[in-house]
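# Geometric and topological summary
One letter stands for each residue in the lines below.
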Amino acid sequence: MKNTLSQETILVHGATPFDRETGAVSTPIYQSVTFRHPALGESTGFDYSRGINPTRTELEKTLALAEHGTHGLAFASGMGAISAIIKLFKPGDHIIVSEDLYGGTYRLFNQFYAAYGFSFSWVDTSDFARIEECLRPETKALFIETPSNPMMKVSDIRRCADLVHRRGGRLIVDNTFLSPYFQNPLDLGADFVVHSGSKYLAGHNDTLAGFIVHSSDADADTLRTIQKSEGATLAPFDSWLLLRGIKTLAIRMEKQQKNGAALAAWLRTHPRVEAVFYTGFEDHPQYKLSCSQARGHSGMVSFYVKRAADVARLLKKCSLILFAESLGGVESLITYPLVQTHGAIPQQMRLAAGVTDTLVRLSAGIEDSADLIADLENALG
Ligand SMILES: *Cc1c(COP(=O)(O)O)cnc(C)c1O
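Residues numbered from 1 in each chain as written. Predicted model: local features only at pLDDT ≥ 70, side-chain atom pairs only at ≥ 80, totals over all residues. Heavy atoms only, no water.

### Some words on the site of the ligand
In the vicinity of the ligand there are 13 residues, among which Gly78, Asp174, Ser196, Ser198 and Lys199 approach most closely. Asp174 is positioned such that a nitrogen or oxygen atom in its side chain is 2.7 Å from a nitrogen atom of the ligand. Coverage of the ligand by the protein amounts to 94% of the 380 Å² it exposes when considered alone. Top contributing element to the shell around the ligand by residue count: helix α3 (residues 78–86), with three residues. Broken down by class, the residue content of the shell around the ligand amounts to five nonpolar, five polar and three charged. (Near = heavy atom within 4 Å. Polar contact = N/O pair within 3.5 Å; in protein donor to acceptor, adjacent residues only side chain to side chain. Areas by Shrake-Rupley, 256 points an atom, 1.4 Å probe, with all protein chains shown as cover. Helix = DSSP H or I, 4+ residues; strand = E, 2+ residues; numbered from the N terminus. Nonpolar A, V, L, I, M, F, W, Y, C, P; charged D, E, K, R; others polar.)

See below:
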């Protein structure tokens, strides 16, 4: 299907708007591990569900459309997808990574891939000169999260792609925070997009999933083989939950962004709050860049309270906003990166990135914004 429909329409209808055989509007859940072959040497295209499953295939095609790529791969979690993409590279390769990123990605690279002979440089990728300083002859990839987690720094996707392409390397973008509704890194020159589908894409804090989307025919077979060989593929029922979640991505993102903006603006005026990080603020250092490469700002807001002693009370007293890890779901969540999402990152690096004991992260859900503000007001005291 040629990609001329708008993003909202693609998200609702997916790759196959109805089942050809039955007319079913909702993609069937093919809860089958194995598929009968018509005869020796003949195949329906399906054989064993670790490698290929019709429900997962529909989801993979839908995500490829939404991310403006030609190949989509669905994994059992975001980490499953990130682990798979790194296997395109070889021991000895050097990869430059955003220093301010999801702690689980840091742990995977630093504890495991580093031990297998990969080398990583951690740098503030919103500062272009710093990336250039890290380049080495063996640099094969740049892995960025933009906006970054949790400091909301924005990296220039086009410039990053140019830089790494000139050296024959690849750009990988973790697009979890904005989702394909607000940002399409492949259009800006990225080679691979990865997602934690557990966040905005699934959208209901009820399913783990991960994705790789790309348009590289040369890598398509290798990535499929990695996915099938490792076996961290998304189950049929979870694939269906993702298809169902993605149908409402556009309206959820709009509402979550509205709530995020309202919370960010309110927090900025609060006497116990030191600073608020939100890419939708016009005085955000990369506001213009953000508007030039993304269509929105999502519902993610981080802030420093003035006194670390206020954090425990805030987390305890928030009642509507749930004190829990994760983001992107319809329920608003408040997270303490120091001990949750970024607990795996060494203290020195964490502090350098700004993740201190006074930093709190909010993921706005779709509740009424006045209720959310009242909850924060009560909790902040
Ligand atoms: C949650 C998250 C991940 C990891 O995804 P899982 O689905 O939890 O494995 C990776 N990157 C970002 C930005 C995330 O928020």
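### Brief notes about the domain arrangement of the chain
Each assigned domain of the chain is listed here: domain 1 (7–247) and domain 2 (250–380). Here the C-alpha centre of domain 2 lies 25 Å away from the C-alpha centre of domain 1. At the junction of the two partners, domain 1 supplies 44 residues and domain 2 supplies 45 residues. Here domain 1 packs against domain 2, burying approximately 3600 Å² in sum over the two surfaces, 58% of which is carbon and sulfur. (Domains from an automatic or database assignment. Contact = heavy atoms within 4.5 Å. Buried area = accessible area lost by both parts, 1.4 Å probe.)

### A word on the sheet that holds strand β3 (residues 119–123)
On the basis of which strands lie adjacent, the open sheet formed by seven strands has the order β1-β7-β6-β5-β4-β2-β3 and mixed pairing. If you trace the sheet from one side to the other, it starts and ends with β1 (71–75) and β3, each paired once. Neighbouring strand axes in the sheet, compared pairwise and without regard to direction, differ in orientation by 20° on average. In this sheet, strand β7 (residues 210–214) lies alongside strand β6 (residues 192–196) in antiparallel orientation, the contact comprising five bridges. (Pairing = 2+ DSSP bridges. Axes fitted to C-alpha atoms, helices over the stretch in contact; angles between N-to-C directions.)

### Notes on the environment of Ser43
The topology assignment puts Ser43 in the loop between α1 (7–13) and α2 (54–66). In sequence terms Ser43 and Lys228 are 185 residues apart; their C-alpha atoms lie 18 Å from each other. Residues within four places of Ser43 in sequence aside, it is in contact with His37 and Pro38. Within polar-contact distance, the side chain of Ser43 engages the backbone nitrogen of Gly45 at 2.8 Å.

### A short note on the sheet that holds strand β10 (residues 322–323)
With respect to topology, five strands assemble into an open sheet ordered β8-β9-β12-β11-β10, the strand pairing being mixed. Both outer strands of the open sheet, β8 (273–277) and β10, are each paired with one neighbouring strand and no more. Sheet topology note: the β10/strand β11 (residues 333–335) ladder contains two bridges and is parallel. Across the sheet, residue Leu322 finds its bridge partner in β11, namely Leu333. This element, helix α12 (residues 309–317), spans β9 (300–305), β10, β11 and β12 (359–363) of the sheet and lies at about 135° to β9.

### Topic: the pattern of salt bridges
Summed over all chains, the structure comprises 10 salt bridges. With its nearest N and O atoms 3.8 Å apart, the salt bridge here joins Glu138 to Arg136. Under the relative-accessibility criterion, Glu138 is labelled partly exposed at 30%. By relative accessible area, Arg136 is classed as partly exposed at 30%. Across the pair Arg313 and Asp310 runs a salt bridge whose closest N-O atoms are separated by 3.1 Å. You can see Arg313 and its partner Asp310 sitting in helix α12, three residues apart, about one turn around the helix. A residue is classified by how much of its surface remains accessible, and Arg313, at 28% relative accessible area, is partly exposed. (Salt bridge = Lys/Arg side-chain N within 4 Å of Asp/Glu carboxyl O. Buried < 20%, exposed > 50% of the residue type's maximum accessible area, 1.4 Å probe, protein only.)

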